[in-house]
Each structure stands twice: as C-alpha cells, then as structure tokens.
Amino acid sequence: MNTIARFVNDESGATAIEYGLIAALIAVGIIVAATALGGSLSGLFNGISGRLVTETAKTAAPAAGG
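None of these values were measured; they are calculated from a predicted model. (Residues numbered from 1 in each chain as written. Predicted model: local features only at pLDDT ≥ 70, side-chain atom pairs only at ≥ 80, totals over all residues. Heavy atoms only, no water.)

Q: What should I look at first to understand the overall build of the protein chain in this one?
A: The helix and strand inventory of the protein chain stands at 2 helices and 0 strands. On C-alpha atoms alone, the protein chain measures out to a radius of gyration of 28 Å, which is more than a quarter above the 11 Å that the 2.2 N^0.38 rule sets for 66 residues. Taking all 66 residues of the protein chain together, the buried fraction comes to 0%. (Helix = DSSP H or I, 4+ residues; strand = E, 2+ residues; numbered from the N terminus. Rg over C-alpha atoms; globule rule 2.2 N^0.38 Å. Buried < 20%, exposed > 50% of the residue type's maximum accessible area, 1.4 Å probe, protein only.)

Q: Help me understand a nonpolar patch on the surface, please; the structure alone is not making it clear to me.
A: A cluster of nonpolar side chains, contributed by Leu-37, Leu-41, Leu-44, Phe-45, Ile-48 and Leu-52, occupies part of the molecular surface with about 580 Å² of accessible area. Tracing the backbone shows Ile-48 in helix H2 (residues 12–65). (Patch = residues over 30% accessible without salt bridge, like charges linked within 9 Å, V, L, I, M, F, W, Y side chains within 5 Å. Areas by Shrake-Rupley, 256 points an atom, 1.4 Å probe, with all protein chains shown as cover. Salt bridge = Lys/Arg side-chain N within 4 Å of Asp/Glu carboxyl O.)

Q: Honestly, the pattern of salt bridges in this entry has me stumped. Any pointers?
A: Per the stated rule, a full pass over the model turns up 1 salt bridge. Lys-58 is paired through a salt bridge with Glu-55; the nearest N and O atoms lie 3.5 Å apart. Here Lys-58 pairs with Glu-55, and both are found in helix H2, just 3 residues apart, close to one helical turn.

Q: Looking at this model, I keep getting lost on the environment of Met-1. Mind explaining?
A: Tracing the backbone through its elements, the reader meets Met-1 in the segment before helix H1 (2–9). Along the sequence, Met-1 and Glu-11 sit 10 residues apart, while their C-alpha atoms lie 18 Å from each other.

By themselves, these are just geometric observations and shouldn't be taken as functional.
As structure tokens, then:
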C-alpha cells in the first residue's frame, strides 16, 4: 500500500509532461513565425542578391574590356 501511495503522490511525471507541452507550444510558435516571415525574408534576400549581381556585373565589365 505504501508503494501505491507514493506513486499517487509523485508529481514528477506530471511536471515533465507540462515542460514537454510548453516546449511543444514554443516549437509551434517558432514554426508559425518562420512560415509567416519566410516569404518576406525570401523576397528581401532575392532583392539583395539581384542588386549584388547587377553591381558586380557593372564593376567587372570595364575590367574585362580593358
């Protein structure tokens, strides 16, 4: 009977489950935020990449012709 009473009073498993649920909710929040920001960040980096390619081509063209 003493073993059953200790098992019923032991809350360490419940605490671990609560921490697991909190971690899962944080992960879901990060995934949602990354998905929402992903499109705009992709557009931003594509724009920067395009500008770098254009400026590199402008700078490299006179050197290649000379």
